[in-house]
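Okay, here's what each chain looks like letter by letter:
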Amino acid sequence: MKTKMKLLAALVALGAPAMADDMAPVTQDTLTLTDGYAYATLPNQPVAGGFLTIANGGEADDHLVAAASDIAGVTQIHAMMMDGGVMVMRELADGLPLPAGETVVLQSGGLHLMFMQLNGPLVAGETVAVTLRFENAGEVAIDLPIRKKMAGGMDHSATGGH
């Protein structure tokens, strides 16, 4: 066990290459997009979520105004929140603000991309091509690695097809 830990520590210290299921960082204008992924889905599952981190290193605010992907009939920017003790999900019709000098995390159980009317299952080990449109930075193409869903992860299939 100690040998494995030493090997892991050495690889980290040497800057080991990213894992195969890591999204390559993408920088455009003042935005840096990292840590992107989507979860694998079951056959006939109508929806899935996409997640990533967006850092705005500029001095001006930006805004994520739209998202699109060929894997879904509809792609939206969503938020999950508590409403009277009930977790609800809704589209952010006006998009997602990205304040200057701040980082916004899209993650399971919070802000996320919502892929609806899936054209087929998302398979672990593959990628999802997504185009994000920002008010200032313009269009950014990213590839989200598809990961196997961990036990206890957020399950969008129970949202009534939403």
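Computed from a predicted model, the values in this text were never measured in an experiment.

Caption draft 1: Quick peek at unusual backbone geometry. In the Ramachandran plot, Asp-29 falls in the positive-phi region, its phi being about 55° despite a non-glycine side chain. Here Asp-29 shows up in the loop between strand 1 (26-28) and strand 2 (31-39). A relative accessible area of 54% means that Asp-29 is categorised as exposed. Of note, the phi angle at Asp-35 is positive, near 55°, even though the residue is not glycine. Along the chain, the position of Asp-35 falls in strand 2.

Caption draft 2: Representation of the nonpolar core in the model. With 30 residues, the main nonpolar core has Leu-33, Ile-54, Leu-113, Phe-115, Leu-132, Phe-134 and Ile-142 as its most contacted residues. Every residue in contact with Leu-113, bar those within four places of it in the chain, is listed here: Ala-48, Gly-49, Gly-50, Leu-52, Ala-67, Gln-76, Ile-77, Leu-106, Val-130 and Leu-132. Among the nonpolar cores identified, the runner-up in size contains five residues, and Val-47, Met-80, Met-89 and Met-114 belong to it.

Caption draft 3: Layout of the environment of Val-140. Its place among the elements puts Val-140 in strand 11 (residues 138-147). Distance in space between the C-alpha atoms of Val-140 and Gln-28 is 7.2 Å, their sequence separation being 112 residues. Excluding anything up to four places from it in sequence, Val-140 contacts Val-26, Gln-28, Leu-33, Val-130, Thr-131, Leu-132 and Phe-134.

Caption draft 4: Geometry of the pattern of salt bridges. This structure, assessed with the given rule, holds one salt bridge. In this structure, Arg-147 engages Asp-22 in a salt bridge whose closest nitrogen and oxygen atoms are separated by 3.9 Å. Residue Arg-147 is found in strand 11, and its partner Asp-22 is found in the loop between helix 1 (2-13) and strand 1; the two are separated by 125 residues along the sequence. Exposure remark for Arg-147: the relative accessible area of 24% places this residue in the partly exposed category.

The rules behind the values
Residues numbered from 1 in each chain as written. Predicted model: local features only at pLDDT ≥ 70, side-chain atom pairs only at ≥ 80, totals over all residues. Heavy atoms only, no water. Helix = DSSP H or I, 4+ residues; strand = E, 2+ residues; numbered from the N terminus. Buried < 20%, exposed > 50% of the residue type's maximum accessible area, 1.4 Å probe, protein only. Core = buried A, V, L, I, M, F, W, Y, C linked by side-chain atoms within 4.5 Å. Contact = heavy atoms within 4.5 Å. Salt bridge = Lys/Arg side-chain N within 4 Å of Asp/Glu carboxyl O.

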